[in-house]
Amino acid sequence: MLIDLSEILSLEGKTQVIEAPVSMDSFQSKLGSFPVKDKEPVILTITNTGKKVLHLEARGSVTLSIPCDRCLKEVPVDFPFALERDMDMKVSEEDRIKDLDEINYVTGCSLNVEQLVHNEILIRWPLRVLCQEDCKGICSHCGKDLNDGPCSCEQESLDPRMAAIRDIFSKFKEV
């Protein structure tokens, strides 16, 4: 959803509160595509503080379904956010890029709510997602979920870096 900021910019001291729905059904990133399970509308409070500077306050929440890092079960992960930022509307897009300004959700006099939410999810992305703290993962041989019980695979836990030495010993056993 694009919000036109020209009306707010026209009057110093003007404050506008906007409830913007989040329309994304999935979150796309270099990590993949993750379905949105739940979303709350973004509550925006935009205030013209003068000299073409807008004060932005945004609150909202999105829940994504992300696979567990060990067993690949889908885990609902909440991404609540609350941000406060001053936006200098006199600065051009080229100057923002040059200054490494992170505000890529403002173009001209429009604020892109979807891009703002996308940025907030990226900032809050967890390092690890687990379905439970003691998740046992999946068997590396047969792929069985070890949280449901042990598999019938041989449970030999040798260091893979020692495979060459293991092969030498197995040849001696054959002789």
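Residues numbered from 1 in each chain as written. Predicted model: local features only at pLDDT ≥ 70, side-chain atom pairs only at ≥ 80, totals over all residues. Heavy atoms only, no water.

Trainee: Before we move on, can you summarise the environment of Ile43 with the specific residues and values?
Mentor: Examined against the element boundaries, Ile43 turns out to sit in strand β5 (residues 42–50). A relative accessible area of 22% places Ile43 in the partly exposed class. In sequence terms Ile43 and Val17 are 26 residues apart; their C-alpha atoms lie 7.1 Å from each other. (Helix = DSSP H or I, 4+ residues; strand = E, 2+ residues; numbered from the N terminus. Buried < 20%, exposed > 50% of the residue type's maximum accessible area, 1.4 Å probe, protein only.)

Trainee: Which residues make up the environment of Asp25, and what values go with them?
Mentor: Residue placement: Asp25 occurs in the loop between β2 (15–20) and β3 (26–29). A C-alpha to C-alpha distance of 9.5 Å links Asp25 and Leu64, two positions 39 residues apart in sequence. In this structure the side chain of Asp25 is engaged in a polar contact, spanning 3.4 Å, whose partner is the side chain of Lys39. (Polar contact = N/O pair within 3.5 Å; in protein donor to acceptor, adjacent residues only side chain to side chain.)

Trainee: Break down the packing of aromatic side chains for me, citing the residues and quoting the values.
Mentor: For the coordinates displayed, the defined rule picks out 3 aromatic pairs. Here Phe34 and Trp125 contribute two aromatic rings whose centre-to-centre distance is 5.0 Å and whose plane-to-plane angle is 55°, an arrangement assigned as tilted. Of this pair, Phe34 sits in strand β4 (residues 32–39) while Trp125 is found in the loop between α3 (113–123) and α4 (163–174), placing the two residues 91 residues apart along the sequence. According to the relative accessible area criterion, Phe34 is buried, its value standing at 8%. (Phe/Tyr/Trp six-rings, centres within 6.5 Å; stacked < 30°, edge-to-face > 60°.)

Trainee: Account for the environment of Lys73, naming residues and giving values.
Mentor: Checked against the element boundaries, Lys73 lands in the loop between β6 (53–67) and β7 (74–88). C-alpha of Lys73 to C-alpha of Gly137: the two residues are 64 residues apart in sequence and 9.5 Å apart in space. If we ignore the near neighbours within four places in the chain, the residues touching Lys73 are Ile66, Pro67, Cys68, Asp145, Asn147 and Asp148. (Contact = heavy atoms within 4.5 Å.)

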